[in-house]
Amino acid sequence: MSADLLFKPVRELAALVRARKLSPVELAEFHLGRLERLGPKYNAVVTVTRERALSQARRAEGEIAAGRYRGVLHGIPYGAKDLLATADAPTTWGAAPYRDQRFDFDATVIRKLEDAGAVLCAKLAMIELAGGMGYRQPTASFTGPCINPWDTGVWTGGSSSGSGAAVAAGLVPFAIGSETWGSILSPAGYCGLAGLRPTYGRVSRHGAMALCWTLDKLGPLALTADDCGLVLEAIAGPDAADPTASERPYRYETAERRGFRFGLISDVTDGCEEAVVENFRRSLAELGEIGTIEEVKLPDLPYEQITRIILQVEAVSAFEDLIGSGRIAELTAPEDHFTPYAREAILAHDYLKAVRLRGVMAREVDRVISRYDARVAPGRINEAPRLGQEFRSAIRSTAKDVMGAAGNGAGLPAVCVPNGVGARGLPTSLQFMGRAWEENRVLDAART
Amino acid sequence: MPETPNLEVVTLFALVANRYGDRLTAEQLDEIKKMVEGQVEMARALRAVRLDNADEPAQDFRPYRSDSSPESGGGAQP
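Residues numbered from 1 in each chain as written. Chains lettered and ligands numbered in written order. Predicted model: local features only at pLDDT ≥ 70, side-chain atom pairs only at ≥ 80, totals over all residues. Heavy atoms only, no water.

Another aspect to go through is the sheet that holds strand 12 (residues 414-421) of chain A. All names here are of chain A. The mixed open sheet is built from 11 strands, whose spatial order is 1-3-2-6-8-7-12-13-11-9-10. Pairing within the sheet leaves two strands with one partner each, and these edge strands are strand 1 (45-48) and strand 10 (291-296). Adjacent strand axes in the sheet meet at a mean angle of 30°, parallel and antiparallel pairs treated alike. Relative to strand 13 (residues 427-433), strand 12 runs antiparallel, the two being bridged by 7 bridges. Bridge pairing links V417 to L430 in strand 13. Of the strands in this sheet, strand 1 and strand 3 (119-124) touch helix 4 (residues 50-65), which is tilted by about 160° from strand 3. (Pairing = 2+ DSSP bridges. Helix = DSSP H or I, 4+ residues; strand = E, 2+ residues; numbered from the N terminus. Axes fitted to C-alpha atoms, helices over the stretch in contact; angles between N-to-C directions. Contact = heavy atoms within 4.5 Å.)

Right, dumping it as structure tokens:
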């Protein structure tokens, strides 16, 4: 059975489960075994939730046998980034000072997935405090650097590192990650996966670690864009516990892959590795068969500075106790021991200017993007960085990422999918970014 | 000729050094100074953009009443 189950998309597993050709308990055991055996090899797992998984799987099996099938996630295993609270396991936020932290409730996303019948098998490794303290290298997690299943000498990307490694290594069929700026798209891109950053407010953040209240989004990493849509439908929706969770209904629906209007920012490949540019050109040629591609110029605004200042100020405010007490010295990455102090020198006037400019940015980006179904760009500028090296990051101003700054700053949805391999044989990726609330259109474009 | 120190950087760095200097090594303080320089550059880019009086912060505040429901227009709904 095992070889047949590996790297099967959720939709295919669901068909087998529904037809009772695949037992949810056997499926859970299969993935629990892989998590326990291979999780440590990739530093991908913080806690295997064996007891909870088997309990959920047995319930799913009983319900399906009784004809009470809940939907495509019923009986499907998954993992959650360890910044989502669960009542029955520690929630470490990837950080040594919080390694024994416990909550007495489940995050809304965990509860919604339980309602959908999904089976929580593991809480997955992540960069400490979701990377908000300014980390520069892959080791910034108390569980060690997450190792990329494509090459054990390279990193998975972050901060949803374990979510990327676990899906790419076949430890779980899908995982939940979070993105403030790049934390879903980065591991998805580097690990050859589909990753969906939903519109801000599409998914409740209740029970998720707050890094930046106005930037944090939760979303899936999976083998296909189609799977991302299936998962999003289960986790989207209003939540009285999170006032930013939108009342807008979401239903994952697919449409024919044709008639698209793609926008292409003229200098979007600046700074990309050669193979990334080459694969992007090939992707554009393929996209030309399902739609038109038009070069666009974004209005002249300091996109990266706007989003960067908001992120840096919100992050130090969210962790003011940890920073003020000096306990950031207990974090793993040496740079996280002092970087947050510098941000206390950002003036309130400048922060508020960024928040005012954010409104202008959101309007201007929507004005431009409303003429298109999606803006396209490389998902990452490079292949995955090596484990022992510092990586470039737009958050620290060492890389350019206008798409990420505008997309996250304006709260827009984006999906990242693999589009080839680079010079080192590692995945390269393509991203589609859409208007607010248009996840289905970008998923249509990204689906193969 | 030595470079003229940027007074804004000097002042803001002094604030951090004064508050946290006893926790930091000389190397860390040097790194922080570079970060403050970057932050001042970042702020300059923002300050260079002119806004209208009507350009409000993109953050939503609603008055709160514990007995309000979202349906009645109260509460902390977006």
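Further remarks concern the nonpolar core. General note: in soluble globular proteins, nonpolar side chains tend to be found buried as a group. Residues and elements named next belong to chain A. Formed by 166 residues in total, the largest nonpolar core has its most connected members in L113, L129, F174, F319 and F432. Top contributing element to this core by residue count: helix 13 (residues 348-369), with 9 residues. Contacts of L129, omitting those with residues within four sequence positions, involve W93, A95, Y98, M209, L211, F319, L322 and L331. Residues C272, V276, I381 and A399 belong to the second largest nonpolar core, which totals 5 residues. (Core = buried A, V, L, I, M, F, W, Y, C linked by side-chain atoms within 4.5 Å. Buried < 20%, exposed > 50% of the residue type's maximum accessible area, 1.4 Å probe, protein only.)

Right, let's talk about the interface of chain A and chain B for a bit. In this complex, chain A contributes 39 residues to the contact, which on the side of chain B involves 31 residues. Taken over both partners, the interface formed by chain A and chain B buries close to 2900 Å², and the fraction arising from carbon and sulfur atoms is 64%. Considering only the side of chain A, the residues that lose the most area to chain B are F338, Y341 and R356 of chain A, jointly responsible for 22% of the buried surface there. For the pair chain A and chain B, the number of links is 4 salt bridges. Two residues, R47 of chain B and D350 of chain A, come together in a salt bridge whose shortest N-O distance is 2.6 Å. (Buried area = accessible area lost by both parts, 1.4 Å probe. Salt bridge = Lys/Arg side-chain N within 4 Å of Asp/Glu carboxyl O.)

Residues and elements named next belong to chain A. Summed over the entire model, instances satisfying the criterion amount to 5 cavities of 30 Å³ or more. Estimated volume of the largest cavity: approximately 640 Å³. Lining the largest cavity are 40 residues, with W181, R380, S393, A394 and D401 sitting closest to its centre. For the lining of the largest cavity, the elements supplying multiple residues, two or more each, are helix 7 (185-190), strand 11 (374-378) and helix 14 (402-409). Grouping the amino acids of the lining of the largest cavity by side-chain chemistry returns 20 nonpolar, 13 polar and 7 charged. (1 Å grid on protein atoms, 1.4 Å probe; cavity = no way out; pocket = protein on both sides within 12 Å on 5 of 7 lines; lining within 4 Å. Points joined across faces, edges and corners; volume = space filled by probe spheres on them. Nonpolar A, V, L, I, M, F, W, Y, C, P; charged D, E, K, R; others polar.)

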